[in-house]
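# Remarks on the overall topology
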Amino acid sequence: MYTWNDIEQHIAACSHCPLSQTRHLPVMGRGDHNADIMLIAEAPGEQEDLKGLPFVGRSGRILDELLEDCSLRREEIYITNILKCHPPGNRNPKEEEKESCFPYLKYETFLLKPKIIVCLGRVAAQRIISPDFKITRQHGTWTYQKDCAMTAVYHPSAILRDPSKLEITKRDFREIVRKREELAVEY
Ligand code: SF4
């Protein structure tokens, strides 16, 4: 049975896929290990690769704006990626890379047992929620698996490319907080 520390040590030494040759630093999940909300993105970006932390670049500032708008703090949620190493040039992760890295995400999810999973962007939504998930049509919708409610929102980098998505995503995040309150009443 793995602990959080075990997972971090395995990721730090991991060479299960070729990204281990090109990364600067692996990027572990960060946040509260008792959080009820888990954010999952596809992979670390350039700044994250250099610092070894999730969402510290321009996308991170957008994420912070989204969180602040709905009164969520990074310290009370858990943020991670499907891939723990940066794909060169910010290309989309390859299927074999996602498969190699997915066990780490499974362990993180097993240990955290989140009540809400929020996929950041299409790639994460298609891996976690449904292979044919359409982020433009289905962002903000909910599906349920066992005791976990799952949704997806635009990735902060999509908002950087198209700022008109900011308000839409703020609404989706407010709905996430509302869902958290609704689930808290049920439990
Ligand atoms: S991306 Fe995942 S599987 Fe590949 S080297 Fe990094 S930690 Fe290992």
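One can find the structure itself at the top, above this paragraph.
Residues numbered from 1 in each chain as written. Predicted model: local features only at pLDDT ≥ 70, side-chain atom pairs only at ≥ 80, totals over all residues.

### Focus: the overall build of the chain
Regarding its fold elements, the chain presents nine helices and six strands. For 187 residues, the compact-globule estimate of 2.2 N^0.38 gives 16 Å, and the C-alpha radius of gyration of the chain, at 15 Å, lies within 12% of that figure. Seen through its principal axes, the chain has C-alpha atoms that stretch 45 × 40 × 30 Å. Per-residue burial over the chain gives 39% buried out of 187 residues. A separation of at least 24 residues holds for 70% of the contacts in the chain among residues at least 6 apart in sequence. (Helix = DSSP H or I, 4+ residues; strand = E, 2+ residues; numbered from the N terminus. Rg over C-alpha atoms; globule rule 2.2 N^0.38 Å. Buried ≥ 20, exposed ≤ 12 C-beta atoms within 10 Å, placed from the backbone. Contact = placed C-beta atoms within 7 Å.)

### Points about the sheet that holds strand S2 (residues 37-41)
With mixed pairing, the six strands of this open sheet are ordered in space as S1-S3-S2-S4-S6-S5. Because the sheet does not close on itself, it has two edges, and the strands there are strand S1 (30-31) and strand S5 (143-145). Relative to strand S3 (residues 78-81), S2 runs parallel, the two being bridged by four bridges. Of the residues in S3, the one forming a bridge with Met-38 is Tyr-78. (Pairing = 2+ DSSP bridges.)

### Here's the deal with the pairing of S2
In terms of burial, S2 is a largely internal element, five of the five residues being buried. With burial as the criterion, each face of S2 is covered, one bearing Ile-37, Leu-39 and Ala-41 and the other bearing Met-38 and Ile-40.

### Regarding helix H4 (residues 58-69)
Counted at 1.5 Å a residue, the expected span for H4 with its 12 residues is 16 Å, and the 17 Å between its end C-alpha atoms agrees. Looking only at H4, the buried set comprises Ser-59, Ile-62, Leu-63 and Leu-66. Projected down its long axis, H4 shows its buried positions confined to an angular sector of 100°, all on one face. After H4 finishes, the residue Ser-71 shows a positive phi value of roughly 60°. (Expected span 1.5 Å × (residues − 1). Arc of directions from axis to C-beta.)

### Topic: helix H5 (residues 95-112)
For H5, built from 18 residues, the straight-helix expectation of 26 Å at 1.5 Å per residue is met to within 8% by its first-to-last C-alpha distance of 25 Å. Helix geometry: H5 is bent most strongly at Cys-101, by close to 40°, with proline Pro-103 lying one to four residues after it. The elements touched by buried residues of H5 are helix H1 (4-12), S2 and S3. Of the residues flanking the end of H5, it is Lys-113, one or two places downstream, whose phi is positive at about 50°. (Bend = angle between axes of the 7 residues up to and from the residue.)

### Focus on the site of the ligand
Not every one of the 14 residues close to the ligand is listed here, only the nearest: Cys-14, Cys-17, Ser-20, Cys-85 and Cys-101. Counting only elements with at least two residues in the shell around the ligand, the list comes to helix H2 (19-22) and H5. No other element matches the three residues that H5 contributes to the shell around the ligand. Tallied by class, the residues present in the shell around the ligand amount to eight nonpolar, four polar and two charged. (Near = placed C-beta within 6 Å. Nonpolar A, V, L, I, M, F, W, Y, C, P; charged D, E, K, R; others polar.)

### With respect to the environment of Lys-115
For Lys-115, the location among the structural elements is in the loop between H5 and strand S4 (116-120). A tally of 18 C-beta atoms within 10 Å means that Lys-115 is categorised as partly exposed. Sequence separation between Lys-115 and Leu-72 is 43 residues; the distance between their C-alpha atoms is 15 Å. Setting aside its immediate chain neighbours within four residues, Lys-115 contacts Asp-36, Asp-147, Cys-148, Ala-149 and Leu-183.

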